[in-house]
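Overview (structure and organization)
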Amino acid sequence: MKLRFFGPMRRFGGEIELPVAESLPVRELRERVKAVSDASAGALLEQCVFATEQRVLRDDELVEPSAVVAVLPPVSGG
Amino acid sequence: MSASGVRVAAIQDIAIDTNELLRRVTDPACGAVVTFCGVVRDLNDGRKVLAVSYDAFAPLAERTLQQIAERATDSQARANVAVVHRTGRLAVGEISVAIVVSTPHRAEAYSVSRAIIEAIKHELPVWKQEHYEDGDSEWLKGCSLRAHA
């Protein structure tokens with residue numbers, strides 16, 4: 001699964017490949033990303049949502065291993 | 001194109017041309033046009049700001065802008081909207097967001113414009129990094145989208 005980072009999450013790289021064999025709910029995906037990130041990312045990841053180009057995903061939604069998912073930290077536009 | 005509606009909802013990395021947006025909402029039935037611009041300010045939390053970089057998840061941000069504008073005009077019999085948010089590095093004084101609304105009368109135009117900027121602040125997948133006089137840079141804390149998920 002490919003994860004793309006934005007805003008303050010960019011410091012962990014613009015994009016990472018997460019080895020995932022089966023579909024995962026978003027809440028499990030968040031834990032997987034935490035496990036491969038440094039400790040400072042943990043608190044920020046708690047506030048992040050995961051999204052496709054079409055919409056923000058709910059925590060209980062399943063994400064396929066082939067998906068490209070954006071990790072979106074708290075927003076600050078305007 | 002319908003008689004009224006969302007005429008522009010875009011994310012762009014070049015300077016915002018408000019005259020062009022004004023032209024896009026022109027409607028002979030609308031006697032009120034309100035333009036709101038968010039502009040890079042030189043001070044935040046007591047720190048001197050030289051510039052701001054905006055990052056965006058552009059495909060979702062454009063969809064979200066469209067939805068925000070549709071929602072804000074849903075209850076209006078007639079309203080036209082052009083809304084654009086910038087990305088990239090902006091100097092103090094540059095326009096980061098512009099919202100131009102035309103409606104038959106002024107009260108609706110102000111109200112639609114206000115609803116759109118408030119929703120942008122809370123929902124648009126865009127991030128702001130301030131660059132300070134002392135050489136430091138910081139991403140602002142922002143609003144979590146988990147409340148909307």
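**Structural notes on the overall build of chain B**
In terms of helices and strands, chain B carries three helices and nine strands. Going from N to C terminus, chain B has its helices and strands arranged as β-α-β-β-β-α-β-β-β-α-β-β. On C-alpha atoms alone, chain B measures out to a radius of gyration of 16 Å, which is about the 15 Å that the 2.2 N^0.38 rule sets for 149 residues. Taking the principal axes of the C-alpha coordinates as reference, chain B spans close to 50 × 35 × 25 Å. By the burial criterion, 46% of the 149 residues in chain B qualify as buried. Contacts in chain B between residues far apart in sequence, at least 24 positions, make up 75% of those at least 6 positions apart. Carbon and sulfur atoms provide 48% of the accessible area of chain B, an area that totals close to 7,400 Å². In chain B, which carries 17 positive and 19 negative side-chain charges, the distance between the mean positions of the two groups comes to 3 Å.

**A look at the interface of chain A and chain B**
Counting residues at the interface gives 27 residues for chain A, matched by 28 residues for chain B. Of the roughly 2,300 Å² buried between chain A and chain B on both sides combined, carbon and sulfur atoms contribute 61%. Looking only at chain A, the three residues that lose the most surface to chain B are V75, S76 and G78 of chain A, adding up to 31% of its buried area. R146 of chain B is the salt-bridge partner of D59 of chain A, the closest N and O atoms lying 2.3 Å from each other. Along the contact surface separating chain A from chain B lie 14 residue pairs in polar contact (both at pLDDT 80 or more). Taken together, the residues that form the side of chain A that touches chain B break down as twelve nonpolar, seven polar and eight charged.

**Remarks on the packing of helix α1 (residues 26-36) of chain A against helix α2 (residues 39-46) of chain A**
All names here are of chain A. Direction vectors running N to C along α1 and α2 enclose 160 degrees, while the axes themselves pass 8 Å from each other. With respect to α2, the element α1 is oriented roughly antiparallel. Seen from above, α1 lies across α2 with right-handed handedness. When α1 is examined against α2, the residues R30, E31, V33 and K34 are found in contact with a partner set consisting of G42, L45 and E46.

Reading the values: rules and limits
- Per chain, residues are indexed from 1 in the order of the written sequence.
- All chains are assigned letters beginning at A, and all ligands numbers beginning at 1, according to the order in which they are written.
- Residues qualify for local features only when their pLDDT is at least 70, as the model is predicted, and side-chain atom pairs are given and counted only at 80 or more; totals for whole chains, interfaces and linings, by contrast, use all residues.
- By convention in this description, side-chain values take in all heavy atoms of the structure and omit both hydrogens and water.
- Helix numbering and strand numbering both begin at the N terminus, where a helix is a DSSP run of H or I of at least 4 residues and a strand a DSSP run of E of at least 2.
- Each radius of gyration reported is based on C-alpha atoms, and the globular scaling rule is 2.2 Å times the count of residues to the power 0.38.
- Each residue is placed in one exposure class: buried if its accessible area under a 1.4 Å probe, protein chains only, is under 20% of its type's maximum, exposed if it is over 50%, and partly exposed if it falls in between.
- Any pair of residues with heavy atoms lying within 4.5 Å of one another is described as a contacting pair.
- Calculation of accessible area relied on Shrake-Rupley with a 1.4 Å probe; when residues are assessed, cover is drawn exclusively from the protein chains displayed.
- The convention is simple: Lys and Arg are positive, Asp and Glu are negative, and His and the chain ends are not counted.
- A charge is said to be at NZ when it belongs to Lys, at CZ for Arg, at CG for Asp and at CD for Glu.
- Buried area is a sum: the accessible area each of two parts loses on coming together, probed at 1.4 Å, counted once for each and added.
- Salt bridge, as used here: a side-chain nitrogen of Lys or Arg that lies within 4 Å of a carboxyl oxygen of Asp or Glu.
- Between N or O atoms, a polar contact is any pair within 3.5 Å; within protein, one atom must be a potential hydrogen donor and the other a potential acceptor, and residues adjacent in sequence are included only when both atoms are from side chains.
- By the convention adopted, Pro, Cys, Tyr, Trp, Phe, Met, Ile, Leu, Val and Ala count as nonpolar, Lys, Arg, Asp and Glu as charged, and the other residues, Gly among them, as polar.
- Throughout, an axis means a line fitted to C-alpha atoms (over the contacting stretch in the case of helices), and angles, computed between N-to-C directions, take values from 0 to 180 degrees.
- In this scheme, roughly parallel covers angles under 35 degrees and roughly antiparallel covers those over 145, while 65 to 115 is roughly perpendicular and the rest are oblique.
- Working rule for handedness: look at the near helix, and if it is turned counterclockwise from the far one by less than a right angle, call the crossing left-handed; if clockwise, right-handed.

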